[in-house]
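Chain and residue survey
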Amino acid sequence: MSKYWSKLTASLVPYVPGEQPKDRSYIKLNTNENPYPPSPKVIEAIQAAANEDLRLYPDPTCDELVETLADYFGYPKDRIFVGNGSDEILAFAFPAFYSADKRILFPDVTYTFYPVYANLYGLKYETVPTDERFRIQASDYCVPNGGIVLPNPNAPTARYMLVDQLKVILEANKDQVVIVDEAYIDFGGQSAVPFVAEYPNLLVVQTLSKSRSLAGLRVGMAVGHPDLIEGLNRIKNSFNSYTLDRLALAGAVAAIKDRKYFEETNRKVVATRTRTVEALNELGFRTIESEANFIFTTHPERSAEELFLSLKGKGILVRYFNKPRIDQYLRVSIGTDDEMRQFLEVLRDIVDNA
Ligand code: PMP
């Protein structure tokens, strides 16, 4: 606390990112990164862009990337927005579409950035209970509200909501913006992007961080009605210099265009996820159905915190949340087959000898 802080600064409880250790090397299964490198075409494109004129500012309207995404999603350019990671797009979307007088709704167990943004912008929110298996009920969102944010699949639970349920929510909330955060949609779920044509109240947000292995490049995208995109641009252009840099723009275009590499990588991650869940079940774990590149798992007799600490001691980093309802779960990102084999071996040892 400093006497120089504004009331707002003093009131904030910022998001705590997952550990990015520098002191030793771990098998890193704690922040849902993709275990495979980005497409070689992405690296080539970034190198070529670095050899061009970095002296010049990047394109403020990101035209080439927006066109590439318009083509990919099958929508006109005025329905596409890009940002520095989907986090930045969410940070723009909260003040663009939500007001302090009505409560925003999101699930009780969800991405911890949502309450952080709500607090930052002085917005009220209400968390809607999920059931014992972390499922959401569409009818819970068909009540008066000032907007809805739904991650699909959810994080950290990996729970996927069927798009039929989403349609019910969109129908019942035509006067509010429903943000669907699809950071993990490419690992088995069905995207809500096709509904954008029908629902002017829907904004779908995606990222290159997970399924395109580009968490380090910071590129996210949103698809929505042109009025929503204009709203995002109004917020973006009210900050001075926010746009994607030249290297990110070049890499992102190449990543979207290389569909073959993307599909192959995702297939590998999904196959490893299936094998990992089976192996965990054999060890006595109960795992929430996952359509993401991570799993949420619990052991009926072992403390999740102790498992987390024992794994860490043996060089394997997973995520543990010391929070009500989820403090008996571990969130484990899907690594390569070899990483998951080592993870399971160490875990078996810990569980058997506890
Ligand atoms: N939404 C969800 C649900 C996430 O888990 C994450 C990753 N932490 C993000 C958005 C942000 O991803 P990025 O900013 O890397 O695009």
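Residues numbered from 1 in each chain as written. Predicted model: local features only at pLDDT ≥ 70, side-chain atom pairs only at ≥ 80, totals over all residues.

Attention now moves to the site of the ligand. Every residue close to the ligand is listed here: G85, S86, D87, Y111, P151, A155, D181, A183, T207, S209, A215 and G220. Among the elements that line the shell around the ligand, the one with the most residues is helix α4 (residues 85-97), at three residues. Per-class residue counts for the shell around the ligand are five nonpolar, five polar and two charged. (Near = placed C-beta within 6 Å. Helix = DSSP H or I, 4+ residues; strand = E, 2+ residues; numbered from the N terminus. Nonpolar A, V, L, I, M, F, W, Y, C, P; charged D, E, K, R; others polar.)

Secondary-structure assignment places T31 in the loop between β1 (27-28) and α2 (40-51). For T31, a count of 16 C-beta atoms within 10 Å gives the class partly exposed. Dropping the residues within four chain positions of it, T31 is found in contact with G18 and S333. (Buried ≥ 20, exposed ≤ 12 C-beta atoms within 10 Å, placed from the backbone. Contact = placed C-beta atoms within 7 Å.)

This brings us to the UniProt feature "modified residue: N6-(pyridoxal phosphate)lysine" (unreviewed entry) in the protein. In the numbering used here, UniProt assigns the "modified residue: N6-(pyridoxal phosphate)lysine" (unreviewed entry) feature to K210. Its location among the elements puts K210 in the loop between β7 (202-207) and β8 (220-224). Beyond its immediate stretch of four places on either side in the chain, K210 contacts N32, N34, A183, Y184 and N293. (UniProt positions renumbered as here; feature names shortened; annotations may be inferred.)

Right, let's talk about the domain arrangement of the protein for a bit. Domain annotation for the protein reports domain 1 (7-37 + 260-353) and domain 2 (40-258). Using only C-alpha atoms to locate each centre, domain 1 and domain 2 end up separated by 24 Å. Opposite the 31 residues of domain 1 that make contact, domain 2 presents 25 residues. Among the elements of the structure, α9 (259-282) and β10 (294-298) are those that each provide at least two residues to the side of domain 1 that touches domain 2. Tallying contributions element by element places α9 first for the side of domain 1 that touches domain 2, with seven residues. Of the residues that constitute the side of domain 1 that touches domain 2, the class distribution is 17 nonpolar, seven polar and seven charged. (Domains from an automatic or database assignment.)

Right, let's get into helix α3 (residues 63-73). L65, V66, T68 and L69 are the residues of α3 that are buried. The arc that holds the buried residues of α3, viewed along the axis, is 160°, so those residues lie on one side. In this structure, the buried residues of α3 make contact with β2 (80-83), β8 and α8 (246-257). G74 occupies a position one or two residues after α3 and carries a positive phi of about 75°. (Arc of directions from axis to C-beta.)

The subject of this paragraph is the nonpolar core. With 103 residues, the main nonpolar core has V82, A93, V204 and A252 as its most contacted residues. Inspection of this core shows a minimum of three residues originating in each of domain 1 (7-37 + 260-353) and domain 2 (40-258). Not counting the four nearest positions on each side in its chain, V204 is found in contact with V180, E182, S191, A192, V193, V196, A222, V223 and G224. (Core = buried A, V, L, I, M, F, W, Y, C linked by C-beta atoms within 7 Å.)

Before going further, it helps to examine the sheet that holds β10. As summarised here, the arrangement of the four strands in space is β9-β10-β13-β12, forming an open sheet in which the pairing is antiparallel. Both edges of this open sheet fall to β9 (286-287) and β12 (319-320), since each of them pairs with a single strand only. Of the strand pairs in this sheet, β10 and strand β13 (residues 329-333) are connected by five bridges, and their pairing is antiparallel. Residue pairing for β13: T297 is matched across the bridge by L330. Taken strand by strand, α9 contacts β9 and β10, and its axis lies near 5° from that of β10. Each of β10, β12 and β13 touches helix α10 (residues 304-313); the most contacted strand, β13, lies at about 40° to it. (Pairing = 2+ DSSP bridges. Axes fitted to C-alpha atoms, helices over the stretch in contact; angles between N-to-C directions.)

A few words on the packing of α4 against helix α7 (residues 226-236). Running from N to C, α4 and α7 point in directions that differ by 105°, and their axes come no closer than 9 Å. Regarding the angle of α4 to α7, the classification is roughly perpendicular. Across the interface between the two elements, I89, F92, A93, P95, A96 and F97 from α4 touch G231, L232, R234, I235 and K236 from α7. Residue composition of the contact of α4 with α7, grouped by class: eight nonpolar, one polar and two charged. (Parallel < 35°, antiparallel > 145°, perpendicular 65-115°, else oblique.)

Another aspect to go through is the pairing of β8. Working note: regular strand, side chains alternate between the two faces of the sheet. Within β8, five of the five residues are buried, which leaves it mostly tucked inside the rest of the structure. Taking every second residue as pointing to the same face, both faces of β8 are buried, with G220, A222 and G224 on one and M221 and V223 on the other. Sheet topology note: the β2/β8 ladder contains four bridges and is antiparallel. Its bridge partner being in β8, F81 is matched across the sheet by A222.

Bringing unusual backbone geometry into the picture now. Residue N152 is joined to P153 through a cis peptide bond whose omega torsion reads -10°. Within the secondary structure, P153 sits in the loop between β5 (148-151) and α6 (163-172). Look at the link from A155 to P156: it is a cis peptide, with omega at 10°. With respect to the helices and strands, P156 occurs in the loop between β5 and α6. The backbone of N32 shows a phi angle near 55°, a positive value even though the residue is not glycine. By secondary structure assignment, the location of N32 is in the loop between β1 and α2.

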